[in-house]
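What follows is each chain in one-letter form.
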Amino acid sequence: MKILVCISHVPDTTSKINFTDGDTKLDTNGVQFVINPNDEFGLTRAMWFKEKQGASVDVINVGGPETEPTLRKALAIGADSAIRVNTPATDGFAVAKQLANVVKDGGYDLVIAGRESIDYNGAMVPGMLAELIGANFVTNCISLEVDGTNAKAVREIDGGKETVSTSLPLVIGGQKGLVEESDLRIPNMRGIMQARQKPLNVVEPVEATKETTTVKFEKPEPKGAVKMVSPDNLDELVSLLHNEAKVI
């Protein structure tokens, strides 16, 4: 089984976020980038398939040279090789188009992507990729088993879980629960050294139309000052909840 794991290069959630160019671009100064958490769950599951079923595991990112340290980390975790499509990831459809080209050329049986990335939270790319390559698709995936060309997946739905049976080729949108958090892997020194010798292939992008353009980013409004209300002053509390907080 050939597995391709999609890796997004995203800011660490502890980073302070600012914007440049009229609030249209992320200011990357001082920002630490990591593997998208949903993708990391997927990569860990792919490593299980590699170790238990002899699958081969490649990782892919659509982005510039600045994303290569993130790909190298994925190699250090255990992926066999990496692919970087040499174009900025600025539009969901354009990214899906680049991924589809690689999947078709590589003959992959299973594509594991994160349900969404934690920077744009678009949740678009896995579904569009599945449509472009004519594969089955399961999103919000929290469990995946593969037996030959048959697959059984469990996905989160409102108020519960749904178990589905499907077949390869398959694209999944994985998330927390696909593996236990305790199973996530931190690269050790041996893995880091081996990653330096593993192939990281840079491919040029195919032509793809951008369907969306960022107009502006805005930060959430800063939180207001805390107002203390005496427990004896219920009228003031009701007035604040109604007129300022607007929750009643």
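Quick caveat: nothing in here was measured; it's all calculated off a predicted structure. (Residues numbered from 1 in each chain as written. Predicted model: local features only at pLDDT ≥ 70, side-chain atom pairs only at ≥ 80, totals over all residues. Heavy atoms only, no water.)

Considering the pairing of strand 6 (residues 56-62)
- Where burial is concerned, most of strand 6 is hidden: 6 out of the 7 residues are buried.
- With 5 bridges connecting them, strand 1 (residues 2-6) and strand 6 associate as parallel partners. Pairing of Leu4 across the sheet is with Asp58, part of strand 6.
- Direction of pairing for strand 6 relative to strand 7 (residues 81-85): parallel, over a ladder of 5 bridges. (Buried < 20%, exposed > 50% of the residue type's maximum accessible area, 1.4 Å probe, protein only. Helix = DSSP H or I, 4+ residues; strand = E, 2+ residues; numbered from the N terminus. Pairing = 2+ DSSP bridges.)

Side note on the side chain of Gln98
- Positionally, Gln98 belongs in helix 3 (residues 92-106).
- A residue is classified by how much of its surface remains accessible, and Gln98, at 5% relative accessible area, is buried.
- What Gln98 contacts, discounting residues up to four positions off in sequence, is Val62, Val85, Thr87, Pro205, Val206 and Ala208. (Contact = heavy atoms within 4.5 Å.)

Side note on the UniProt feature "domain: Electron transfer flavoprotein alpha/beta-subunit N-terminal" (unreviewed entry) in the protein chain
- Those residues carrying the UniProt feature "domain: Electron transfer flavoprotein alpha/beta-subunit N-terminal" (unreviewed entry) are residues 23-212 in this numbering.
- Across residues 23-212, the secondary structure splits into 31% helix and 31% strand, with the terminal C-alpha atoms separated by 16 Å. (UniProt positions renumbered as here; feature names shortened; annotations may be inferred.)

Considerations on helix 4 (residues 125-133)
- Where helix 4 is concerned, the buried positions are Pro126, Leu129 and Ala130. For helix 4, the angular spread of buried residues about the axis comes to 100°, placing them on one side.
- Among the structural elements, helix 3, strand 8 (110-114), strand 9 (136-147) and strand 12 (170-174) are those in contact with the buried residues of helix 4.
- Just beyond helix 4, the residue with positive phi is Gly134, at close to 70°. (Arc of directions from axis to C-beta.)

Observations regarding the nonpolar core
- Counting 34 residues, the largest nonpolar core has Ile3, Val5, Leu43, Val59, Leu144 and Leu170 as its most contacted members.
- Every element with two or more residues in this core is listed here: strand 1, helix 1 (37-53), strand 6, helix 2 (68-77), strand 8, strand 9, strand 10 (150-157) and strand 12.
- Ignoring any residue separated from it by four or fewer positions in sequence, one finds Leu144 in contact with Arg45, Phe49, Leu110, Ala151, Lys152, Ala153, Leu170, Ile172 and Leu178.
- Judged by nonpolar contacts, the second largest core, of 18 residues, contains Val62, Tyr108, Ala135 and Val171. (Core = buried A, V, L, I, M, F, W, Y, C linked by side-chain atoms within 4.5 Å.)

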